[in-house]
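Each chain, written out:
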Amino acid sequence: MAEVLQLKDIRRSYGGGRAPLVEVLHGINLALVEGEFSALTGPSGSGKSTLLNIMGLLEQPSSGELLIAGETAVGLSDAARTRLRNLYLGFIFQFHHLLPAFSALENVMMPVFAGKGRVGPDDKARAAMLLERVGLAEHSYKMPVQLSGGQQQRVAIVRALMARPRLVLADEPTGNLDTQTAADAFALMREINREDGVTFLLVTHDARLADTCDRQIRLVDGILLR
Amino acid sequence: MAFIWTVAWRLMREGRFQTVLILAGVTIGVAVVVYITAIVNGLQGNIIDKTLSTQAHIVLKPREDVNRRLLSLPEGEVMSAVETRTQRENTIENWAGSLAAVRTLPEVEAAAVMASGPGFALKGGVKKSVVLMGVELEDYLKIVALESKLKAGRLRLDAGSVMIGSELARELGLKPGDRLRLVAATGTADSFLVTAVLDFGLKDLSRRWVLLPLRGAQSLLGYRRDVSEIYIKTFDLFQANTIADVASARTGLDADSWQETNTQLVTALRSQSASSNMIKVFVTLAVALGIASVLVVSVVQKQREIGILRAMGTPASRIRAVFLLQGAIYGLVGSLGGSALGALLAKGFTRLALNSDGTPLFPVVVTPSLFIITAVIATLAGVLAAWAPARRAAMLDPVEAIRG
Ligand SMILES: Nc1ncnc2c1ncn2[C@@H]1O[C@H](COP(=O)(O)OP(=O)(O)O)[C@@H](O)[C@H]1O
Ligand SMILES: [Mg+2]
């Protein structure tokens, strides 16, 4: 099975200069396999978000190797990392983070719009199809403030899928929702994973939800527990 | 393109209040610049027009006699003074060649000769000091437009006729059809028929100027066939200075441009231009700083959105372009509104600032090129003002924005 993402001895330190140098990730080795639905768990402050940001090429590791779809992604320019991000990765954030100035449909199209600089009728059709799939067809032209929290998160989930990523990274995607809505959003991601074969890695504190995943990865104090 | 325009537009629409305020600011700033430019250009054009309506752009005169130093001084010693000598009555003898030479210059629109000298006008025992100006009327009219100055009579200078200023006509009680006696400083005198009364625009000129046929003036003044000056009108009056040098070199005559004979006016116009330019520069600077500060605030406010856009794969260059475009739009849209407002104010000024007879003090000059230049400068200023905020937006760390 093909590896979507590989981490080799990833370390990340903060500080330096005046502030004390603190290592947050102490040599992470991890591979995510195509089609996997994995949960990343661990106590607060253990480095989960840092790890996810490194995987998402939003942040650079202090040392170590990182491969995305076989392409090395360390030591690249900002432009090159942006391109890889747009090509292979989708993001879902805890606070939904829809763009308030854009409608639901426009938010969904945004990854393509941002990457290519323009959108065509095909892109619009795909975005509409994605919204339809999560039952939001009639809300396509609403602005984010007009949607409930659960609806917003569903828009954010399909937005992550818009540019056909190989891997979707979700940092506490349900942390901000009530139990039932969280379960629904989780089920939706699981369904997309099963039907489309998209690889998911999601950070969660909910042990019950984590138990339903293909794989659980536990991070404590910057070290992966086997 | 589409992304940049859409995102810039949405950000501006979202920050509606800021957008409206800064557009109003740019509009007012540009209006001030357009208004000042229109007024100053109108005023200066009017002053120059008035001044030059009775003057040639360039006057060629005989070389002045100068005293040359006969002593050569040893190194380090300085001659305390070189006396200027009294100038003889000096005329241009072979003027036909000079006139033809000057007329062939491509920058010269027209040239005319003039035989002028001091004299007196007599009527009924009253004697007034005048300047006798002998001209070929047809040529002279190409240099100085007299049509608008005609108060009474007709513009004609047949042998034995004169055209006089309105003040002189009043002082001597003359009207077209009357006769007067002209006496030159040499004592030669003759009787002339008044064909026209002219208002030269300045009382002193209207009191002293007497136009008569060239031949009449030559014989009265004792110049034989000589003239005293060659008058030149140039196509571009601001080139008069340099054309004067050329004309002087071609003819061997002294050449005075209008700028040299009106140094005070030129200095006044220059300092007026300098101070109005200063105002324009500072207004432009204030407008640019306004745009910059609005965009700086906008970048901070939209930090999170920028972070999300970056996380989703928006290149930094595209984020930068979004903010540069906003600066350009503020500059361009504000300058269009400002041009309209400034032109309106300037037109309003001509309604308020009136001569005693109800006509505008001077025409206000509002040209399309003024609008175009203003729009280009304002747009450039907007882009430059957006530079730092756009850079900041592009360099924003998406992680910071998303973690918060
Ligand atoms: N920009 C930063 N500067 C300094 N320390 C940071 C920075 N970002 C995260 N950290 C520290 O790294 C550790 C891991 O943080 P984080 O990855 O957010 O943990 P988690 O997501 O598991 O709660 C924490 O101790 C946090 O304070
Ligand atoms: Mg976290």
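Here the structure is a predicted model, which means the values were calculated and not measured.

As for the overall build of chain A
Counting secondary structure elements, chain A contains seven helices and ten strands. The C-alpha radius of gyration of chain A comes to 17 Å, within 12% of the 17 Å expected for a compact globule of 226 residues. With respect to the three principal axes, the spread of C-alpha positions in chain A is 50 × 40 × 40 Å. A buried classification covers 54% of the 226 residues belonging to chain A. Excluding contacts between residues fewer than 6 apart, the proportion of contacts in chain A whose partners are at least 24 apart in sequence is 71%. For chain A, the accessible area works out to roughly 9600 Å², and carbon and sulfur atoms hold 51% of it.

Brief notes about the site of ligand 1
Neighbouring ligand 1 are the residues Tyr 14, Val 24, Pro 43, Ser 44, Gly 45, Ser 46, Gly 47, Lys 48, Ser 49 and Thr 50 of chain A together with Arg 403 of chain B. In this structure, ligand 1 sits where chains A and B come together, each supplying nearby residues. The separation between an oxygen atom of ligand 1 and a polar main-chain atom of Gly 45 of chain A is 2.8 Å. Contacts to ligand 1 include Gly 47 of chain A, whose backbone N or O atom sits 3.0 Å from an oxygen atom. Burial of ligand 1 by the protein chains amounts to 61% of its free accessible area of 560 Å². Ranked by residue count, the leading element in the shell around ligand 1 is helix α1 (residues 48-55) of chain A, at three residues. Counted by class, the shell around ligand 1 contains three nonpolar, six polar and two charged residues.

Digging into the interface of chain B and chain A
Between chain B and chain A, the residue contacts involve 25 residues of the former and 28 residues of the latter. For the pair chain B and chain A, the two sides together bury roughly 2300 Å², of which 61% comes from carbon and sulfur. The largest per-residue losses of area from chain B upon contact with chain A belong to Arg 10, Met 312 and Arg 403 of chain B, which jointly make up 25% of the total buried on that side. At the surface where chain B touches chain A, the tally comes to two salt bridges. Summed over the shared surface of chain B and chain A, the number is nine residue pairs in polar contact (both at pLDDT 80 or more). Mapped onto the side of chain B that touches chain A, the elements with two or more residues apiece are α1 (2-14), α11 (303-311), α12 (316-352) and α14 (398-403) of chain B. A per-element tally of the side of chain B that touches chain A places α1 of chain B first, with seven residues. Class assignment of the residues belonging to the side of chain B that touches chain A gives a composition of 13 nonpolar, three polar and nine charged.

Some words on the pattern of salt bridges
Opposite charge on two side chains allows them to pair when their charged atoms are near. The full count for this structure, using the stated rule, is 20 salt bridges over all chains. Among the salt bridges present, the one from Arg 83 of chain A reaches Glu 71 of chain A, with a minimum N-O distance of 3.6 Å. You can see Arg 83 of chain A sitting in helix α2 (residues 78-88) and its partner Glu 71 of chain A sitting in strand β5 (residues 71-72), a full twelve residues away along the chain. Assessed through its relative accessible area of 45%, Arg 83 of chain A is described here as partly exposed. Judged by relative accessible area, which is 28%, Glu 71 of chain A ranks as partly exposed. Between Arg 170 of chain B and Glu 167 of chain B there is a salt bridge whose closest N-O contact spans 3.0 Å. Of the two residues, Arg 170 of chain B and Glu 167 of chain B both sit in helix α5 (residues 166-172), three residues apart, roughly one turn of that helix. Looking at Arg 170 of chain B, the relative accessible area reads 58%, which means it is exposed.

Side note on the pairing of strand β1 (residues 58-61) of chain B
Consecutive side chains along a regular strand alternate between the two faces of the sheet. All names here are of chain B. Where β1 and strand β10 (residues 254-257) come together, four bridges link them in antiparallel fashion. From the neighbouring strand, Val 59 faces β10, where its bridge partner is Asp 256. Strand direction decides the pairing type here: β1 and strand β9 (residues 229-234), joined by three bridges, are antiparallel. When the sheet's bridge partners are listed, Leu 60 is paired in β9 with Ile 230.

Focus: the layout of surface pockets
All names here are of chain B. For the largest pocket, the calculated volume is near 1000 Å³. Val 59, Lys 61, Trp 209, Glu 229 and Tyr 231 are, among the 37 residues lining the largest pocket, the residues nearest its centre. Secondary structure elements with two or more residues in the lining of the largest pocket: α2 (16-52), β1, β2 (108-123), β3 (126-135), β9, β10 and α9 (258-261). The biggest single contributor to the lining of the largest pocket is β10, with four residues. Estimates place the volume of the second largest pocket at around 330 Å³. Residue assignment for the lining of the second largest pocket shows that the elements contributing at least two residues are α2, α10 (263-301) and α13 (368-395). At seven residues, the largest contribution of residues to the lining of the second largest pocket is made by α13. Of the residues in the lining of the second largest pocket, the class split is eleven nonpolar, eight polar and one charged.

Notes on the domain arrangement of chain B
Split by domain assignment, chain B resolves into domain 1 (2-51 + 266-403) and domain 2 (95-258). Of note, the centres of domain 1 of chain B and domain 2 of chain B, computed from C-alpha atoms alone, are 52 Å apart.

Concerning empty space enclosed by the protein
Within this structure, the stated rule accounts for four cavities of 30 Å³ or more. Put simply, the largest cavity is a space of about 100 Å³. In terms of lining, the largest cavity is formed by 14 residues, of which the most central are Leu 89, Gly 90, Phe 91 and Pro 111 of chain A together with Met 312 of chain B. Elements with a contribution of two residues or more to the lining of the largest cavity: α2, β6 (89-92) and α5 (149-161) of chain A. At three residues, the largest contribution of residues to the lining of the largest cavity is made by β6 of chain A. When its residues are assigned to classes, the lining of the largest cavity shows ten nonpolar, two polar and two charged. Roughly 60 Å³ of volume is contained in the second largest cavity. Of all elements in the fold, only α1, α2, α10 and α12 of chain B reach the threshold of two or more residues within the lining of the second largest cavity.

Section: the confidence of the model for chain B
Averaged over all residues, the pLDDT of chain B is 89; the fraction at 70 or higher stands at 95%. Reported confidences for the modelled complex are a pTM of 0.80 and an ipTM of 0.91.

Observations regarding the packing of α10 of chain B against α13 of chain B
Residue and element names in this part refer to chain B. Following both chains from N to C, one finds α10 and α13 inclined at 30°, their axes separated by 8 Å at the closest point. Viewed along their axes, α10 and α13 adopt a mutual orientation that is roughly parallel. Helix-helix and strand crossings are classified by hand; for α10 and α13 the assignment is right-handed. Residues Thr 284, Ala 288, Ile 291, Ala 292, Leu 295, Val 296, Val 299 and Val 300 of α10 form the contact with α13, whose own contacting residues are Ile 377, Ala 381, Gly 382, Ala 385, Ala 386, Pro 389, Arg 392 and Ala 393.

Focus on the packing of helix α3 (residues 104-116) of chain A against helix α4 (residues 121-133) of chain A
Residues and elements named next belong to chain A. The interhelical angle for the contact between α3 and α4, taken along N-to-C directions, is 140°, at an axis separation of 9 Å. Here α3 is positioned oblique relative to α4, judged by the angle of their axes. Taken as a pair, α3 and α4 cross one another with a handedness that is right-handed. Across the interface between the two elements, Ala 104, Leu 105, Val 108, Met 109, Val 112 and Lys 116 of α3 pack against Asp 123, Lys 124, Ala 127, Ala 128, Leu 130 and Leu 131 of α4. Considered class by class, the residues forming the contact of α3 with α4 number nine nonpolar, no polar and three charged.

Conventions used here
- Residues numbered from 1 in each chain as written.
- Chains lettered and ligands numbered in written order.
- Predicted model: local features only at pLDDT ≥ 70, side-chain atom pairs only at ≥ 80, totals over all residues.
- Heavy atoms only, no water.
- Helix = DSSP H or I, 4+ residues; strand = E, 2+ residues; numbered from the N terminus.
- Rg over C-alpha atoms; globule rule 2.2 N^0.38 Å.
- Buried < 20%, exposed > 50% of the residue type's maximum accessible area, 1.4 Å probe, protein only.
- Contact = heavy atoms within 4.5 Å.
- Areas by Shrake-Rupley, 256 points an atom, 1.4 Å probe, with all protein chains shown as cover.
- Near = heavy atom within 4 Å.
- Polar contact = N/O pair within 3.5 Å; in protein donor to acceptor, adjacent residues only side chain to side chain.
- Nonpolar A, V, L, I, M, F, W, Y, C, P; charged D, E, K, R; others polar.
- Buried area = accessible area lost by both parts, 1.4 Å probe.
- Salt bridge = Lys/Arg side-chain N within 4 Å of Asp/Glu carboxyl O.
- Pairing = 2+ DSSP bridges.
- 1 Å grid on protein atoms, 1.4 Å probe; cavity = no way out; pocket = protein on both sides within 12 Å on 5 of 7 lines; lining within 4 Å.
- Points joined across faces, edges and corners; volume = space filled by probe spheres on them.
- Domains from an automatic or database assignment.
- pLDDT = per-residue confidence, 0-100.
- Axes fitted to C-alpha atoms, helices over the stretch in contact; angles between N-to-C directions.
- Parallel < 35°, antiparallel > 145°, perpendicular 65-115°, else oblique.
- Left-handed = near helix turned anticlockwise from the far one by under 90°.

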